[in-house]
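Structural overview for review
Residue-level listing of the chains:
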Amino acid sequence: MIVRRLQDTPADALAVQRVARAAFRDLFDVPAAEPDDERRTVQRLARTRHLVRSDPAGCWVAEQDGEAVGVAQAIRREGVWLLALYAVLPSAQGKGVGRLLLDRAGEYGRGCLRGMVCASPSPAAARRYRRAGLTLHPTMELKGRVDRSGLLDRGDIPVHPGNATHFHLLDSVDRRLRGAAHGVDHEYMLAHFDELLIADSLAGSGYCYRDGGAVKLLAATSKRIAVRLLLEALARVPDGAEARVEFLTTEQEWAVDVGLELGLTLSNRGYLALRGMRPPAPYIPSGALL
Ligand SMILES: CC(C)(COP(=O)(O)OP(=O)(O)OC[C@H]1O[C@@H](n2cnc3c(N)ncnc32)[C@H](O)[C@@H]1OP(=O)(O)O)[C@@H](O)C(=O)NCCC(=O)NCCS
């Protein structure tokens, strides 16, 4: 087996997609015959290549007889190490491939005092992350149809759509909350998610991305602004779509309360794995791009 850097090519992006799809389908017990959502496939291929371009030394693939069997994509943003993707083919799991890949991805974080991973419920992943020194914060998720009767009073803080001219504001909010901006990741998120929402007033600032029913990332300088943004994002979930808010540690009870008020179902799933930092708040991570 060899472990090599991922290249910014369609072939490597497809190999990453194949490994990740098989690993997560197996984890979540999704039938192999079920087709992928085409839009999400395009998003993921674009994300893989975006990260290979931004962090070529953090992106690794393990190959056996020329076939990809495992992948890891780590990125660095202003001194924080972040793991965006980590997966091994089900047939190759439990044989140390994951450990090799995490060693390589972890080396890329050398010198970073802080680290963040949105971790799946996989016991193998939890074991690897804890053995690598990360602290596991169990997380909750909210899911379901939004009860729109709870949206009538959304408060008086103005929220408006955002664009690339707001990137400096988003970076400032993130530096205050998690000590590091998302930087170039905003270009990817703005291009691929349905919308960016901004609150910027004397009361404080914040932003949120929404993609279909998913609230992908929310950061604000106060809970009041965060609640306002989450209400607005959930109000804009298309009729008939299932709303989803994931990776909520207990620090995000403000979000749990909003979800419960709007009739969403709360359950526990996965971890926010951190090194050298507490969970940022009020903050909802995006999953892969944190
Ligand atoms: C997480 C993952 C990448 C690890 O890859 P891997 O090749 O299986 O990892 P390794 O074999 O190096 O290590 C797995 C460890 O977990 C242990 N393990 C495996 N299954 C386990 C289980 N059900 N319960 C407890 N421990 C388990 C193994 O014994 C091994 O520990 P050890 O090396 O100390 O003996 C892989 O399991 C995977 O793709 N999972 C599904 C996708 C996923 O959840 N990715 C993480 C996203 S955050």
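Residues numbered from 1 in each chain as written. Predicted model: local features only at pLDDT ≥ 70, side-chain atom pairs only at ≥ 80, totals over all residues. Heavy atoms only, no water.

**With respect to the overall build of the protein chain**
Rule in force here: Helix and strand definitions follow DSSP, with helices as H or I runs of at least four residues and strands as E runs of at least two, each counted in order from the N terminus. It is over C-alpha atoms that the radius of gyration is taken, and the globule rule equals 2.2 Å times the number of residues to the power 0.38. Classification of residues uses two cut-offs on accessible area relative to the type maximum, computed with a 1.4 Å probe and protein chains only: under 20% is buried, over 50% is exposed, and between them is partly exposed.
From N to C terminus, the protein chain includes eight helices and 13 strands. The C-alpha atoms of the protein chain give a radius of gyration of 19 Å, which matches the 19 Å a tight globule of 290 residues would have. On the principal axes, the C-alpha backbone points of the protein chain span a range of 60 × 40 × 35 Å. Split into buried and exposed, the 290 residues of the protein chain put 52% on the buried side.

**Quick word on the packing of helix H5 (residues 167-178) against helix H6 (residues 185-192)**
Note the threshold: Axis definition: a line fitted to C-alpha atoms, limited for helices to the stretch in contact. Angles are taken between N-to-C directions and run from 0 to 180 degrees. For classification, angles of less than 35 degrees are called roughly parallel, those exceeding 145 degrees roughly antiparallel, those between 65 and 115 degrees roughly perpendicular, and all remaining angles oblique. For a crossing to be left-handed, the near helix must be turned anticlockwise from the far one by less than a right angle; the clockwise case is right-handed. Contact between two residues is taken to exist if any of their heavy atoms lie within 4.5 Å; hydrogens are not considered.
Relative to each other, H5 and H6 sit at 120 degrees, their axes nearing to 11 Å. Between H5 and H6, the interaxial angle falls into the category oblique. Relative to H6, the crossing made by H5 is right-handed. Across from Phe167, Leu170, Asp171 and Asp174 in H5, the residues of H6 making contact are His186, Glu187 and Leu190.

**With respect to the pattern of salt bridges**
Here is the rule: Between Lys or Arg on one side and Asp or Glu on the other, a salt bridge is scored when a side-chain nitrogen of the former is within 4 Å of a carboxyl oxygen of the latter.
For the structure shown, the criterion picks out 25 salt bridges. Residue Asp8 pairs with Arg53 through a salt bridge whose shortest N-O separation is 3.2 Å. A residue pair is termed long-range when its members are at least 10 positions apart, and Asp8 in the loop between strand S1 (2-5) and helix H1 (10-27) and Arg53 in helix H2 (residues 38-54) qualify at 45 residues. Judged by its relative accessible area of 30%, Asp8 is partly exposed. For Arg53, a relative accessible area of 52% puts it in the exposed group. Between Arg77 and Asp185 there is a salt bridge; the shortest N-O distance is 2.9 Å. On the criterion of sequence distance, the pair formed by Arg77 in strand S3 (residues 67-77) and Asp185 in helix H6 is long-range, its members being 108 residues apart. In this structure, Arg77 and Asp185 share a single accessibility class: buried. Here the residues in one salt-bridge network are Arg39, Arg154, Asp194, Glu195, Arg210, Asp211, Arg228, Glu232 and Arg236, joined through shared partners.

**Here's the deal with the nonpolar core**
The cut-off we apply is this: Put simply, a nonpolar core is a bunch of buried Ala, Val, Leu, Ile, Met, Phe, Trp, Tyr and Cys residues held in one set by side-chain atoms that sit within 4.5 Å of each other.
Core analysis: the biggest nonpolar cluster contains 66 residues, and Trp81, Leu83, Leu101, Met116, Tyr129, Tyr207 and Tyr209 have the highest contact counts within it. Sorting elements by how many residues they give to this core places strand S4 (residues 80-88) first, with nine residues. Once residues lying within four places of it in the same chain are set aside, the contact partners of Tyr207 are Leu170, Asp174, His182, His186, Leu196, Leu197, Ile198, Leu217, Leu218, Ala219 and Leu229. In this structure, Leu151, Ala199, Val245 and Leu264 belong to the second largest nonpolar core, which totals 30 residues.

**Some words on the environment of Gly96**
Assignment of secondary structure puts Gly96 in the loop between S4 and helix H3 (97-107). By relative accessible area, which is 29% here, Gly96 ends up partly exposed. Through-space distance from the C-alpha of Gly96 to that of Pro280 is 32 Å; in sequence the pair is 184 residues apart.

**What about the site of the ligand?**
Our working rule: Any residue with a heavy atom lying within 4 Å of a molecule or strand is counted as near it. As used in this structure description, the phrase polar contact means that two N or O atoms lie within 3.5 Å; if the pair is within protein, one of them must be able to donate a hydrogen and the other to accept it, and residues adjacent in sequence are counted only when both atoms belong to side chains. Accessible surface is estimated by sampling points in the Shrake-Rupley manner with a 1.4 Å probe; for residues, cover comes only from the protein chains shown.
Surrounding the ligand, one finds 23 residues, the nearest of these being Tyr86, Val88, Ser120, Arg127 and Arg128. Between an oxygen atom of the ligand and a main-chain N or O atom of Gly98, the distance comes to 2.8 Å. The separation between an oxygen atom of the ligand and a polar side-chain atom of Ser120 is 2.5 Å. Protein chains bury 74% of the 950 Å² of accessible surface belonging to the ligand in isolation.

**Considering H3**
The line we're drawing: Comment: arc refers to directions from the helix axis out to C-beta atoms.
All buried positions along H3 are accounted for by Val97, Gly98, Leu101, Leu102 and Ala105. All buried residues of H3 fall inside an arc of 120 degrees around its axis, so they share one side. For H3, the secondary structure elements touched by its buried residues are S1, strand S2 (59-64), S3, S4 and helix H4 (123-131).

**Observations concerning a negative patch on the surface**
What counts, and what does not: Patches here are clusters of residues that have more than 30% relative accessible area and form no salt bridge, with a 9 Å joining cutoff for like charges and a 5 Å cutoff for nonpolar side chains (Val, Leu, Ile, Met, Phe, Trp, Tyr). Two residue types count as positive, namely Lys and Arg, and two as negative, namely Asp and Glu; His and chain ends fall outside the count. The atom standing in for a charge is NZ when the residue is Lys, CZ when it is Arg, CG when it is Asp and CD when it is Glu.
Taken together, the side chains of Asp147, Glu253, Asp257 and Glu261 define an acidic patch exposed on the protein surface. Looking at the element boundaries, Glu261 is found in helix H8 (residues 253-261).

Function-wise, these values are silent; they only describe arrangement.
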